[in-house]
Amino acid sequence: MAAEGGGKEMNEIKTQFTTREGVYKLLTHSEYSRPNRVPFNSQGSNPVKVSFVNVNDQSGNGDRICFNVGRELYFYIYKGVRKAADLSKPIDKRIYKGTQPTCHDFNHLTATAESVSLLVGFSAGQVQLIDPIKKETSKLFNEEVRSRFPTDRLIDKSRVTCVKWVPGSESLFLVSHASGSMYLYNVEHTCGTTAPHYQLLKQGENYSVHTCKSKSTRNPLLKWTVGEGALNEFAFSPDGKFLACVSQDGFLRVFNFDAVELHGTMKSYFGGLLCVCWSPDGKYIVAGGEDDLVTVWSFLDCRVIARGHGHKSWVSVVAFDHYTTSVEESDPMEFSGSDEDFQDQMIHFGRDRANSTQSRLSKRNSTDSRAVSVTYRFGSVGQDTQLCLWDLTEDILFPHLPLSRTRTHTNVMNATIPPLGGASTPGLNSTTLPRSNSLPPPAGTGGLTSGILDSAIATGVSKFATLSLHDRKERPHEKDHKRNHSMGHISSKSSDKLNLLTKSKADPAKTLGTLLCPRMEEVPLLEPLICKKIAHERLTVLIFLEDCLVTACQEGFICTWARPGKVGLLSSQNQASSPSGTVV
């Protein structure tokens, strides 16, 4: 990573940046916002969120975008890198009174050019099902109950933090609230006229699941109570079988969604976890939050395999880039395990956009003696207004392989650039992270092994290979960010579905240094490929599309960044008329 300059350069808003595969450029004429383009006064408002859907329009321009700004909700044709945005013609615009949109999600299965199903969650706890093409409101869930208290709701009166359609379903959706509860709904059922009564279905380590007890089927179908404090976000695995949840108590919890069972858990370095995402093959989960870190967790091994330090404030969004990866063939490598174990780890990406959200990194043909190396790309944005891009390489993924035989460079769009090398890296506490980061073999198993791949085999915990970490210069002029230390704890009741170390309360002093929360020197520390300031206000959106990536800030500006080689004639003209960016 290139060394940063002085304070003036650090505070400069970047309009382009360079990675190993080329230059990403901000398309100023493709910016979406409120029609007046006036920055939104974000104080006291909920985060700006963005949702996309493709309606398979025969004109070839089927992408649609939805975003919320304050009390307003907009629905536009998204023209991406092809044409300039026309903000004067929203397909639908809604302004709400007494509540604000907080999140939304399209049903991609049912979307057509004539109709789309959009779920919208609100700060007062409601969930609305609307069709912005037909400009209709179908249903309202968790509405107010008639009483002398105007905020009383039948199901949950706290803010909706996340809403998503259940993968593969046209009618089921899941909603999380700041109360720490999640609810499973069916759009075809009503919520009833009285508050629901629940009966326990399953209970485990600091979570419980209840069914709705009634004579006829009604919403919610299930109620999940997870952890302590707000449940900030959840994400389904690519195959829809598992659910990853991050909470204000600092825990990542991964559930088998259908079986309603806890698969594994992880604790943040400190503070709450705010965001979570899955790798395209479902093997890895990345979480971010109030510790300013991105943490990579292995689904198969149920353990932290790396942390990334680049942000100077809370991490608000993490996302994998399904379209940027490295897959290379190389000579057969030495491997201490069986051939089956090795082949299970060798995977490759598919690049078909239509199947990207459900793509798999399939196993290498066992009859082929040539090995496959892989690099995952993911990104993060935070309240420090910075965008970071990260590469997760083989020396982290497969530490049992000799580092000299692994590939650590990215090969995208036929770019071939050798890997970076460097000296040791200052850690978070002004201590030097050793060049060689090793974990001793565990005393017992690394956790549950419940695979979402057919023949997945847990590799266990083995010693990490030597890592070459890049230089990072201290920035004494920067002010330390004030953090909310929201240390949580879990119940002392043990669950046989958890790792050995969850048998005691998750007191921060007790979890630190365990598989739940390794110390900083016990796992590799990733350096970002790039870390750029791209906005004036905190960033709230990061979405990777095939020809661009999309970011949004709390001022209400949704920005399109063209990928290398994807800048057309229009966008080239846009760059000529916009302030010149700085390439670092």
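Bear in mind the structure is a predicted one, so any value in this text is a computation, not a measurement. (Residues numbered from 1 in each chain as written. Predicted model: local features only at pLDDT ≥ 70, side-chain atom pairs only at ≥ 80, totals over all residues. Heavy atoms only, no water.)

Caption draft 1: A look at the packing of aromatic side chains. Here the structure, examined in full by the defined rule, presents 26 aromatic pairs. An angle of 70 degrees between the planes, with centres 4.7 Å apart, marks the rings of Tyr 96 and Phe 122 as edge-to-face. Separated by 26 residues along the polypeptide, Tyr 96 in the loop between β6 (92–95) and β7 (101–106) and Phe 122 in strand β8 (residues 118–122) bring together distant segments of the chain. Under the relative-accessibility criterion, Tyr 96 is labelled buried at 12%. Taking the centre distance of 6.4 Å and the plane angle of 50 degrees together, the rings of Tyr 269 and Phe 270 count as tilted. Phe 270 shares its class with Tyr 269; the two are buried. Members of the aromatic cluster, joined through ring pairs, are Tyr 32, Phe 52, Phe 67, Tyr 74, Tyr 76 and Tyr 78. Here Lys 267 stacks its cationic end above the ring of Phe 251, 5.9 Å away from the centre of that ring. (Phe/Tyr/Trp six-rings, centres within 6.5 Å; stacked < 30°, edge-to-face > 60°. Helix = DSSP H or I, 4+ residues; strand = E, 2+ residues; numbered from the N terminus. Buried < 20%, exposed > 50% of the residue type's maximum accessible area, 1.4 Å probe, protein only. Lys NZ or Arg CZ within 6 Å of the ring centre and 35° of its normal.)

Caption draft 2: Layout of the pairing of strand β33 (residues 530–533). Residues of β33 alternate between two faces, with Ile 530 and Lys 532 on one and Cys 531 and Lys 533 on the opposite face, all of them buried. Bridge analysis of strand β29 (residues 386–392) against β33 gives 4 bridges, and the strand direction is antiparallel. The partner of Cys 388 across the bridge, within β33, is Cys 531. (Pairing = 2+ DSSP bridges.)

Caption draft 3: Region of interest: the sheet that holds strand β21 (residues 273–278). Strand order in the open sheet made by the 5 strands is β21-β22-β23-β24-β32, with mixed pairing throughout. Looking along the sheet, the strands with just one partner apiece sit at the ends: β21 and β32 (525–526). Summarising the sheet, strand β23 (residues 293–298) and strand β24 (residues 303–309) pair through 6 bridges and their orientation is antiparallel. Bridge assignment links Leu 293 to a residue of β24, and that residue is His 309.

Caption draft 4: Structural detail: the side chain of Thr 385. Looking at the element boundaries, Thr 385 is found in the loop between β28 (371–382) and β29. Filtering out sequence-adjacent residues up to four positions away, Thr 385 remains in contact with Lys 532, Lys 533, Ile 534, Ala 535, His 536, Glu 537, Arg 538 and Leu 539. (Contact = heavy atoms within 4.5 Å.)

Caption draft 5: Expanded view of the pattern of salt bridges. This model, assessed by the stated rule, comprises 10 salt bridges. With a shortest N-O distance of 3.6 Å, Glu 31 and Arg 37 are connected by a salt bridge. A salt bridge links Glu 261 to Lys 202, with the shortest nitrogen-to-oxygen separation between them at 3.7 Å. Within this pair, whereas Glu 261 is found in strand β20 (residues 261–267), its partner Lys 202 is found in strand β14 (residues 198–204), the two being separated by 59 residues in sequence. Relative accessible area serves as the criterion here: at 29%, Glu 261 is assigned to the partly exposed category. Connected through salt bridges with shared partners, the residues Arg 20, Glu 21, Arg 377 and Asp 391 form a single ionic network. (Salt bridge = Lys/Arg side-chain N within 4 Å of Asp/Glu carboxyl O.)

Caption draft 6: Here's a closer look at the UniProt feature "repeat: WD" (unreviewed entry) in the protein. As recorded in UniProt, the sites labelled "repeat: WD" (unreviewed entry) are residues 266–298. As annotated, residues 266–298 comprises 0% helix and 61% strand, and the C-alpha atoms at either end are separated by 10 Å. (UniProt positions renumbered as here; feature names shortened; annotations may be inferred.)

Caption draft 7: Broad picture of the pairing of strand β12 (residues 172–177). Within β12, 5 of the 6 residues are buried, leaving the element largely enclosed by the surrounding structure. Between strand β11 (residues 160–165) and β12, which follow one another and run antiparallel, lie 6 residues, and Gly 168 among them has a positive phi close to 80 degrees. By the bridge criterion, 5 bridges tie β12 to strand β13 (residues 181–186) in an arrangement that is antiparallel. Each residue of the ladder has a partner; that of Leu 172, found in β13, is Asn 186. Where β12 folds back onto β13 in an antiparallel hairpin, the turn is made up of 3 residues, including Gly 180, whose phi is positive at roughly 95 degrees.

Caption draft 8: Local environment of the environment of Gly 125. The topology assignment puts Gly 125 in the loop between β8 and β9 (127–131). The residues contacting Gly 125, other than those within four sequence positions of it, are Asn 142, Arg 153, Asp 156, Ser 158, Arg 159, Val 160 and His 177.

Caption draft 9: Here's a closer look at the sheet that holds strand β18 (residues 242–247). Read from one edge of the open sheet, 4 strands run β17-β18-β19-β20, paired in antiparallel fashion. The open sheet terminates on both sides in strands that have one partner only, identified here as β17 (231–236) and β20. Ignoring strand direction, the axes of neighbouring strands in this sheet form an average angle of 20 degrees. Where β17 lies against β18, 5 bridges are found, and the strand directions are antiparallel. Within the sheet, the bridge partner assigned to Phe 234 lies in β18 and is Cys 245. (Axes fitted to C-alpha atoms, helices over the stretch in contact; angles between N-to-C directions.)

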